[in-house]
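Coordinate inspection notes
Next come the chains, spelled out residue by residue.
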Amino acid sequence: MKALVWHGRNDVRIDNVPDPEIKEANDIIIKITSTAICGSDLHILDGLVPTMKKGDILGHEFMGEVVEVGSSVQKFNKGDRVVVPFTIACGHCEYCHDTLFSLCDNSNPNPDLARANLGHSISGIFGYSHMLGGFDGGQAEYVRVPYADVGPVKVPESLHDDQALFLSDIFPTGYMAAENANISRGDTVAVWGCGPVGQFAIQSAWMLGAKRVIAIDNVPERLALAQQYSAVEVIKTTDRDDVYEILMEMTNGKGPDSCIDAVGAEAHGDTMIGKVIDKTKEVLQLPMSRPYVLQQIIMSCKKAGTVSIPGVYVGMVNELPFGAAMNKALNFKMGQTHVQRYLKPLLQKIEEGSIDPSFIITHRMKLADAPKAYELFKHKKDNCVKVVLTP
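**Quick look at the sheet that holds strand S2 (residues 11-16)**
With respect to topology, three strands assemble into an open sheet ordered S2-S1-S4, the strand pairing being antiparallel. Strands at the two margins of the open sheet, each flanked by one partner only, are S2 and strand S4 (56-57). Pairing of strand S1 (residues 2-8) with S4 involves two bridges; the strand directions are antiparallel. Residue pairing in the sheet places Val5 in a bridge with Ile57 of S4. The strands that helix H13 (residues 370-378) touches are S1 and S2; relative to S2, the one it contacts most, it runs at about 160°.

In structure tokens form, the structure reads like this:
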């Protein structure tokens with residue numbers, strides 16, 4: 001089969017690779033019908049994620065048709081359309097029992113690698129390094145899905161792929177980000193980053209009762225998308241803007257009740273000093289998470305407010321105003337998404353017409369063009385916000 005394969009920093013290619021096979025009785029094999037590029041895939045492209053190996057198949061947002069079924073699988077038959085969570089969970093450990101599926105004790109076959117990098121092992125993740133299991137990803141023609149009775153859900157025929165695909169990651173991730181933000185009815189919520197996760201965090205903040213949502217980004221087409229579909233107030237960041245001062249003016253000096261960091265490791269500096277630091281890290285290929293968004297959030301969030309972090313961080317984060325966070329009594333909530341917890345309720349919201357996730361798609365391309373799609377997405381060319389690939 002053909003798949004998108006990692007060959008090194010900024011080097012991904014379509015290769016011919018062996019077809020996946022059933023390895024365990026609880027596996028299924030899926031023929032991919034739609035797959036997408038996630039912002040966190042760019043961390044791999046940029047060399048920020050440790051324990052990647054040449055030949056690894058990328059991709060953790062995908063759906064398709066079941067073509068093979070392991071002997072112990074109960075939920076699925078050949079021909080079923082399914083969408084698959086990016087996190088892999090066993091369903092019976094302590095964390096799965098508590099619906100903390102991304103912290104599963106058993107689904108990562110390389111727990112020692114994870115402990116060396118994270119202190120503890122978390123769940124396996126498709127297409128996202130050997131530290132997180134070394135599982136082949138779904139930017140391919142076929143993929144093996146372990147623990148099939150725990151993860152995937154059937155997609156009704158009434159929904160097309162574009163509506164269901166983002167249940168694999170970014171819709172649940174945005175929703176959990178809003179849930180973690182501890183939003184009370186009438187609150188003001190600020191969202192840094194209007195990429196795909198930020199867009200769904202914004203929509204979810206409205207669902208959970210926010211009175212005002214303020215979207216912050218430096219990419220005009222992302223802000224325009226948020227205004228068009230989510231009726232937000234916006235802050236477009238530039239070298240001259242002080243996001244803190246603008247937010248204080250907008251909130252009469254109080255600050256937002258909740259702040260969501262939907263950017264993560266590769267936030268870019270809004271000041272000239274920040275840009276110099278960014279360029280230095282790029283030239284030296286330093287795998288260091290950039291702290292600019294978290295700096296702004298900690299200073300801007302109201303006293304005793306909540307900071308929600310769905311944006312992926314890897315490695316160390318320096319230069320945080322941690323004293324401000326402590327003295328202001330800020331609450332932090334973060335983590336990889338417990339996708340399995342949200343699949344059925346969010347699928348219901350789609351079926352009811354409360355949201356159509358397909359609004360996020362700006363580009364549709366063939367899997368064979370995936371390297372070009374990564375370039376478009378990374379460099380935000382052609383107003384690219386979200387790319388869906390089909391084999």
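Let's pick the thread back up.
**Overview of the packing of helix H5 (residues 170-180) against helix H6 (residues 196-207)**
As a packed pair, H5 and H6 sit with axes 7 Å apart at the nearest point and diverge in direction by 50°. When the interaxial angle is binned, H5 and H6 end up oblique. The chirality of how H5 crosses H6 is right-handed. Residue-level inspection shows Ile170, Phe171, Thr173, Gly174, Tyr175, Ala177 and Ala178 of H5 in contact with H6, the latter providing Pro196, Val197, Phe200, Ala201, Ser204, Ala205 and Met207. In the contact of H5 with H6, the residues fall into 11 nonpolar, three polar and no charged.

**Considering the sheet that holds strand S16 (residues 331-334)**
Strand pairs in the sheet, formed through backbone hydrogen bonds, run parallel or antiparallel to each other. With respect to topology, six strands assemble into an open sheet ordered S13-S12-S11-S14-S15-S16, the strand pairing being parallel. Looking at which strands have only one partner, the edges of the open sheet turn out to be strand S13 (233-236) and S16. The mean inter-strand angle of the sheet, taken between neighbouring strand axes irrespective of direction, is 20°. Contacting strand S11 (188-192), strand S12 (212-217) and strand S14 (258-261), H6 crosses the sheet at an angle of about 170° to S12.

**A word on H5**
By the criterion of burial, H5 is predominantly enclosed, with 10 of the 11 residues buried. Taken residue by residue, H5 has Ile170, Phe171, Pro172, Thr173, Gly174, Tyr175, Met176, Ala177, Ala178 and Asn180 as its buried positions. Summarising the contacts, the buried residues of H5 are in contact with strand S5 (61-69), H6, S14, strand S15 (306-309), S16 and helix H12 (339-352).

**Focus on the pattern of salt bridges**
Side-chain pairing between opposite charges can occur once the charged atoms of the two side chains come close. Tallied over the full model, the rule gives 13 salt bridges. Salt bridges here are not isolated pairs; linked through shared partners, they connect Lys254, Asp257 and Lys302.

**Thoughts on the packing of aromatic side chains**
Tallied over the full model, the rule gives seven aromatic pairs. Connected via pairs of aromatic rings, a cluster forms that spans Phe166, Phe171, Phe200, Tyr229 and Phe359.

**Quick look at the packing of helix H8 (residues 243-250) against helix H10 (residues 292-300)**
Their axes nearest at 9 Å, the elements H8 and H10 cross at an angle of 35°. By crossing handedness, the relation of H8 to H10 is classed as right-handed. From H8, Val243, Tyr244, Leu247 and Met248 reach across to H10, where they touch Gln296, Met299 and Ser300. Of the residues that constitute the contact of H8 with H10, the class distribution is five nonpolar, two polar and no charged.

**Points about the side chain of Asp46**
Tracing the sequence through the fold places Asp46 in the loop between helix H1 (41-45) and S4. Within the structure, Asp46 has its side chain in polar contact with the side chain of Lys378 (distance 2.7 Å).

**Details of unusual backbone geometry**
In this structure, Asn10 takes a positive phi of about 60° despite not being glycine. Inspection of the secondary structure assignment puts Asn10 in the loop between S1 and S2. Even without being a glycine, Thr99 presents a positive backbone phi close to 60°. Among the structural elements, Thr99 can be located in the loop between helix H2 (94-97) and helix H3 (111-118). For Thr99, a relative accessible area of 31% puts it in the partly exposed group.

**Re the pairing of S1**
The side chains of a regular strand alternate between the sheet's two faces. With six of seven residues buried, S1 is to be regarded as a mostly interior element. When S1 meets S2, the two strands line up antiparallel, connected through six bridges. Each residue of the ladder has a partner; that of Lys2, found in S2, is Asn16.

**Description of the side chain of Ser168**
Counting through the fold element by element, Ser168 comes out in the loop between helix H4 (161-164) and H5. When its relative accessible area of 0% is taken as the criterion, Ser168 is described as buried. Leaving out residues up to four positions away in the same chain, Ser168 has contacts with His60, Glu61, Phe62, Val83, Val84, Pro85, Phe86 and Val339.

**Remarks on the environment of Ile350**
Summarising the element assignment, Ile350 is placed in helix H12. A relative accessible area of 4% places Ile350 in the buried class. In this structure the C-alpha to C-alpha distance between Ile350 and Ala164, which are 186 residues apart in sequence, comes to 8.0 Å. Those residues in contact with Ile350, other than ones at most four positions away along the chain, are Leu159, Gln163, Leu167, Phe171, Ile355 and Pro357.

What counts, and at which threshold
Residues numbered from 1 in each chain as written. Predicted model: local features only at pLDDT ≥ 70, side-chain atom pairs only at ≥ 80, totals over all residues. Heavy atoms only, no water. Pairing = 2+ DSSP bridges. Helix = DSSP H or I, 4+ residues; strand = E, 2+ residues; numbered from the N terminus. Contact = heavy atoms within 4.5 Å. Axes fitted to C-alpha atoms, helices over the stretch in contact; angles between N-to-C directions. Parallel < 35°, antiparallel > 145°, perpendicular 65-115°, else oblique. Left-handed = near helix turned anticlockwise from the far one by under 90°. Nonpolar A, V, L, I, M, F, W, Y, C, P; charged D, E, K, R; others polar. Buried < 20%, exposed > 50% of the residue type's maximum accessible area, 1.4 Å probe, protein only. Salt bridge = Lys/Arg side-chain N within 4 Å of Asp/Glu carboxyl O. Phe/Tyr/Trp six-rings, centres within 6.5 Å; stacked < 30°, edge-to-face > 60°. Polar contact = N/O pair within 3.5 Å; in protein donor to acceptor, adjacent residues only side chain to side chain.

Just geometry here; none of it tells us what the structure is for.
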